[in-house]
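Structural description and commentary
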Amino acid sequence: WASDGSAIVTGGEDGAVKVWSAAGMLRSTLAQTEFPVYVATWGPDNDRVLFASDRKLCVKGLSTDRKQLSWKAHDGVVLAADWNPVTGLIVSGGEDAKYRVWDSFGRPLFASSPLDHVVTCVRWRPDGAAFVAAAYNTLRLCDRTGWSHSRDSPEVGSIYSAAFSADGTQLVAAGGSGDVLLAQLSDVTVTSG
């Protein structure tokens, strides 16, 4: 869903990236690739879409006057990506068992060492201060620069989906075993004024 709820973006095995109305009517085919598209997500202002095609990440604007930006992101198929609306930073994960942080122009900011398994899920905390990177029985909490601050080994199989609460203090994730993982951030400091 777009952050304003006006549209949906999808990618599929047919290599198509499509934009749909909130009512489910096809608005446009934004891109057609020769590889399956496992990731499609909205950009910060809902005017661009980030999608993955094979080892590349691509950014395509909704207007036809914007040129598509693409770059080699991983040494294996890109399986996960998320674009934070606050910071404009992108995080991705792939079959090379790494997660990476990018700016919105595709410039690399961080690349992890390979994990034990492929990275199947990445998700930004709403404020952009942290993200999770997940793999088989692995969940890492990382700051926005990519450094891992927490590593847990829940026995839930490969984690395929995750979402933070609006305030960023709770996380829910779905594992390949059918289990749902609920987590809370601890040792969080909040300051005001």
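This text follows the structure it describes.
Notes on the structure follow. (Residues numbered from 1 in each chain as written. Predicted model: local features only at pLDDT ≥ 70, side-chain atom pairs only at ≥ 80, totals over all residues. Heavy atoms only, no water.)

What follows concerns the nonpolar core. Formed by 14 residues in total, the largest nonpolar core has its most connected members in Val91, Tyr99, Val101, Val122 and Phe131. In terms of residue count, the dominant contributor to this core is strand S13 (residues 130-135) (three residues). Once you skip the residues sitting within four places of it in the chain, Val91 turns out to touch Ala80, Ala81, Asp82, Arg100, Val101, Val122, Trp124 and Phe131. Counting 13 residues, the second largest nonpolar core, distinct from the first, contains Ala130, Val156, Leu171 and Ala173. (Core = buried A, V, L, I, M, F, W, Y, C linked by side-chain atoms within 4.5 Å. Buried < 20%, exposed > 50% of the residue type's maximum accessible area, 1.4 Å probe, protein only. Helix = DSSP H or I, 4+ residues; strand = E, 2+ residues; numbered from the N terminus. Contact = heavy atoms within 4.5 Å.)

What follows covers unusual backbone geometry. The phi angle at Asn46 is positive, at roughly 60°, despite the residue not being glycine. Within the fold, Asn46 resides in the loop between strand S4 (40-42) and strand S5 (48-53). For Asn46, a relative accessible area of 15% corresponds to the buried category. Despite not being glycine, Asn137 has its phi angle at roughly 50°, a positive value. Its place among the elements puts Asn137 in the loop between S13 and strand S14 (138-143).

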